[in-house]
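# What the coordinates show
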Amino acid sequence: MRYRTFGSLDWQASALGFGVMRLPVFDDDPAQIDEDEASRMLRYAIDHGVNYVDTAYPYHRGNSERFLGRALQDGYRERVRLATKLPSPKVKTAADFDRFFDEQRQRLQTERFDFYLLHALRAPHWPRLRDLGILDWAEKKITEGSIGHFGFSFHDSYELFRKIIDDYDGWAFCQIQYNYMDEEYQAGTRGLAYAAERGLGVVVMEPIRGGALARNMPPAVREMWDSAPVQRTPAAWALQWVWNHPQISVVLSGMSTMEHVKENLATA
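First things first, this report covers the structure right here in the doc. (Residues numbered from 1 in each chain as written. Predicted model: local features only at pLDDT ≥ 70, side-chain atom pairs only at ≥ 80, totals over all residues. Heavy atoms only, no water.)

### Comments concerning the packing of helix α2 (residues 63-71) against helix α3 (residues 95-108)
If you want to describe how two helices pack, look at the angle between their axes and the distance between the axes. Which entries qualify depends on this criterion: For helices, the axis comes from a line fit to the C-alpha atoms of the stretch in contact; other axes are also lines fit to C-alpha atoms, and the angle between any two N-to-C directions lies between 0 and 180 degrees. Helix and strand definitions here come from DSSP, where helices need a minimum of 4 consecutive H or I residues and strands a minimum of 2 consecutive E residues; each element is numbered from the N-terminal end. When an angle is under 35 degrees it counts as roughly parallel; over 145 it counts as roughly antiparallel; between 65 and 115 it counts as roughly perpendicular; any other value is oblique. What makes two residues a contact is simply this: any of their non-hydrogen atoms within 4.5 Å. Amino acids outside the nonpolar list (Ala, Val, Leu, Ile, Met, Phe, Trp, Tyr, Cys, Pro) and the charged list (Asp, Glu, Lys, Arg) are all regarded as polar, and Gly is one of them.
Relative orientation of the contacting elements α2 and α3 amounts to 45°, with a least axis distance of 7 Å. Of the possible angle classes, the one that applies to α2 and α3 is oblique. Residues E65, R66, L68 and G69 of α2 pack against E103, Q104, R107 and L108 of α3. Of the residues belonging to the contact of α2 with α3, the class tally is 2 nonpolar, 2 polar and 4 charged.

### Some points on the packing of aromatic side chains
So the rule is basically this: Between the rings of Phe, Tyr and Trp (Trp by its six-membered ring), a pair exists once the centres lie within 6.5 Å; its type follows the angle of the planes, with under 30 degrees stacked, over 60 edge-to-face, and the other angles tilted. With a 1.4 Å probe rolled over the protein chains alone, any residue whose accessible area is under 20% of its type maximum counts as buried; one over 50% counts as exposed, and the rest are partly exposed.
Taken as a whole, this structure holds 25 aromatic pairs when the rule is applied. Taken together, a centroid distance of 5.7 Å and an interplanar angle of 40° make the contact between W11 and F115 tilted. You can see W11 sitting in the loop between β1 (3-5) and β2 (12-14) and its partner F115 sitting in strand β6 (residues 113-121), a full 104 residues away along the chain. On the basis of relative accessible area, W11 is assigned to the buried category, the value being 12%. Residue classification places F115 among the buried residues on the basis of a relative accessible area of 0%. Between F113 and Y116, the aromatic rings sit 5.6 Å apart at their centres with planes inclined by 15°, giving stacked as the arrangement.

### Considerations on the sheet that holds strand β3 (residues 16-19)
What counts here: The rule for pairing is simple: two strands pair if DSSP sees at least two bridges between them.
The 8 strands are arranged β3-β4-β5-β6-β7-β8-β9-β10 in a closed barrel whose pairing can be described as parallel. In this sheet, neighbouring strand axes are inclined to one another by 25° on average, regardless of whether the strands run parallel or antiparallel. Here β6 pairs with strand β7 (residues 147-154) via 6 bridges, running parallel. Following the sheet pairing, F115 is matched in β7 by H149.

### Re helix α6 (residues 158-166)
The condition is simple: Of all possible arcs, the one meant is that of the directions from the helix axis to the C-beta atoms.
The complete set of buried residues in α6 reads Y158, L160, F161, I164 and I165. Buried residues of α6 fall within an arc of 165° about the axis and therefore sit on the same side. Tucked into the core, α6 has its buried residues touching β6, α4 (125-132), β7, β8 (173-177) and α7 (188-197).

### Overview of the packing of α6 against α7
Look at α6 against α7: their axes get within 9 Å of each other, and the N-to-C directions meet at 10°. By the angle between their directions, the pair α6 and α7 is classed as roughly parallel. For the pair formed by α6 and α7, the contact residues are Y158, E159, F161, R162, I165 and D166 on the first element and R190, G191, Y194 and A195 on the second. Grouping the constituent residues of the contact of α6 with α7 by class yields 5 nonpolar, 1 polar and 4 charged.

Okay, here's the thing in structure tokens:
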């Protein structure tokens, strides 16, 4: 496993992070996680060097955090930095900050989140959260030790991305969608560069665009890859393209099979 500097933090993150949002399930029902197989996959990844695990309140219809709380028993919680996210669209009052936070600590069976994000910030969410006092709330949690580092994930325009960063000097990191088809989409390459210039760690989601970049390659693309001196799968090409940007700290993969885990570990 390769490791990378995480923004301005004195910590090295595994190049590959485990995104706990596309786990194996029963009967094609996202709520019914195959916990035995998912635990085997997660622990295998950690045993082979992954030290960043990412989840969120709504993943697997609310069951991702619950699963992860169980899967990280037996000493695995202490071997990783755990990230989860406040469900921004669901927050209506300032009281919701603690309500969701306490529920998430119970689900994940932990008193502390190493990394805590505002989930999927868009134009309607950021002003509301900011005006409700989310930044003061987060700073209190950091002071008391229940949050290690505070950040946000993002799905909107570059202009809003830059404004959110400029609105607060305390961001430690951000999470953006980025892959070779999305250089100009949402935060994009400009956002990646801006966040890195400001010292933020950058976590990338959707490096394979939900699996779309691992299948149905156009013949011209396949021909080009086949001519390369190093042979890789489409998923590996997609991951390597993202890792080729040194500003990126962690690339998340939502892995659904042990085969995905092993291939991505080898690629990393």
